Amino acid sequence: MTRSDGTGAGEAHGGSAPGARPATSAPAAVRGGGGPASFHAMWDELRPIGRHADSGGYRRFAWTGADADCRAWFRAQAESRGLAYEVDRNGNQWAWLGDPLAGDAVVTGSHLDSVPDGGAFDGPLGVVSSFAALDELRARGAALTPLTRPLAITNFGDEEGARFGLACVGSRLAAGQLTKEKAYELRDADGTTLPQAMERAGYDPDAIGADPERLARIGAFVELHVEQGRALDLSGDRVGIASAIWPHGRWRFDFHGEANHAGTTRLVDRRDPMLTYAATVLAARQEAALAGAVATFGKIAVEPNGVNAIPSLVRGWLDSRAADQATLDTVVTAVEKAAREQAGRDGIDLDVVRESFTPVVEFEHALRDELNRILGGAVPVLGTGAGHDAGILSAAVPTAMLFVRNPTGVSHSPREFAAEDDCTAGVLALADVLEGLACR
Ligand SMILES: [Zn+2]
């Protein structure tokens, strides 16, 4: 896999990349005092880290140099505000205001890692907005009742799963949804295991595992995130509240054929797994459309991967999501059935393995209603097909999410975007939520 060590670390310490500010960056105009002002300063600091010069996208993969630079940035933000900084047993970062051991803490935050050539907002918007919301609370100063609950900001490690193929590793480990044994089996494309990568980054992989005592000290977790669709753009709102995360999973389809010469093998003599794979991609699209779901083959590996060779193996990964479990089951079952029927016709052997699955997440209604009340009661409530650390934690902790408008709906791409005024609205909404939850 492409490593970000070179570009990430180099850019982080080398100042701004040459040329104009990219379209995906929030404008640097500073507004008033408090959180919105500090937001832009932080955004500009974080912006060059792990940004690839050619694509303009981010390559902030777990336990690489770019990841280390993001983590150093987080730590500096915590310490510059006098927050108590700590790293938990799974490598997630925490910055505390108040006593971490007191319990019933209000926690906010998100993640700083990215997908390959991802956008600037997915993850970092939540972390930067968290620090800015704290600054906003402090700027409100004397008007505030003192904190009645501890407050923490967190950066969950390896949320995107770009390097080891499993999303939300930091929160899954903490919540006990990923065991140490299973985590130790994770490997990146270069064959480096997760424990090796952690150790090289200076963390202790021996310590990883479920952290129920820590989660028990959290009374509410609120994750702010850029919207990864256009619901807010269509409704004309800057900020929304999450209702649920669609159930979703990843399935690996291995199509085994027979390698042979692309020039001398007659068409009728071939066992070409690429044909079966191609038919399966079309079936996935058709079944998803019929069901009102989504299904994507976005990653493929081919052996021997030669221009003049019929493949012996095509391995494709299906990502599918739907509003409910029954619909998702229907789609994936139909795709597999179509693949098997086509494989039979093509003389191909097919293995299908479910690599990961996350059931539907309904965010806690009481906390969701509380956020809506704090924000004036007119905030749209929307579902999402994207997974989040908040979804993982919701099994153990009262959890809610705020979404900030993304006018194009594009995400996991350098075109991902949120406008300055919408980022400001997100910071102020998060500050209101933190004040409402932790100062009363
Ligand atoms: Zn994210």
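Residues numbered from 1 in each chain as written. Predicted model: local features only at pLDDT ≥ 70, side-chain atom pairs only at ≥ 80, totals over all residues. Heavy atoms only, no water.

In this section: the nonpolar core. By size, the foremost hydrophobic cluster in this structure holds 51 residues, and its most contacted members are W73, L125, F131, L371, L402 and L437. In terms of residue count, helix α14 (residues 420–438) provides more of this core than any other element does, 10 residues in total. Contact partners of L402, with chain neighbours within four places excluded, come to V222, E223, L224, H225, V239, G240, I241, L371, L375, A429, L430 and V433. Listed in part, the 21 residues of the second largest apolar core include A284, A288, L318 and A339. (Core = buried A, V, L, I, M, F, W, Y, C linked by side-chain atoms within 4.5 Å. Buried < 20%, exposed > 50% of the residue type's maximum accessible area, 1.4 Å probe, protein only. Helix = DSSP H or I, 4+ residues; strand = E, 2+ residues; numbered from the N terminus. Contact = heavy atoms within 4.5 Å.)

Assigned domains of the chain: these are domain 1 (9–246 + 360–438) and domain 2 (248–358). Averaged C-alpha coordinates put domain 1 and domain 2 at centres separated by 34 Å. Contact with domain 1, which involves 10 residues of that partner, is made by 9 residues of domain 2. Contact between domain 1 and domain 2 buries roughly 850 Å² in total, counting both sides, with carbon and sulfur atoms accounting for 49%. (Domains from an automatic or database assignment. Buried area = accessible area lost by both parts, 1.4 Å probe.)

A cis amide bond links E303 with the next residue in sequence, P304, at an omega value of -5°. Take P304: it is sitting in the loop between β9 (294–303) and β10 (309–310). Within the chain, W63 stands out as a residue other than glycine whose phi angle is a positive 70°. When you line up the elements, W63 lands in the loop between α2 (34–46) and α3 (65–80). What makes W63 buried here is its relative accessible area of 9%. Its identity as a non-glycine residue notwithstanding, D104 has a phi of 55°, on the positive side. Structurally, the position occupied by D104 is in the loop between β2 (93–97) and β3 (105–110).

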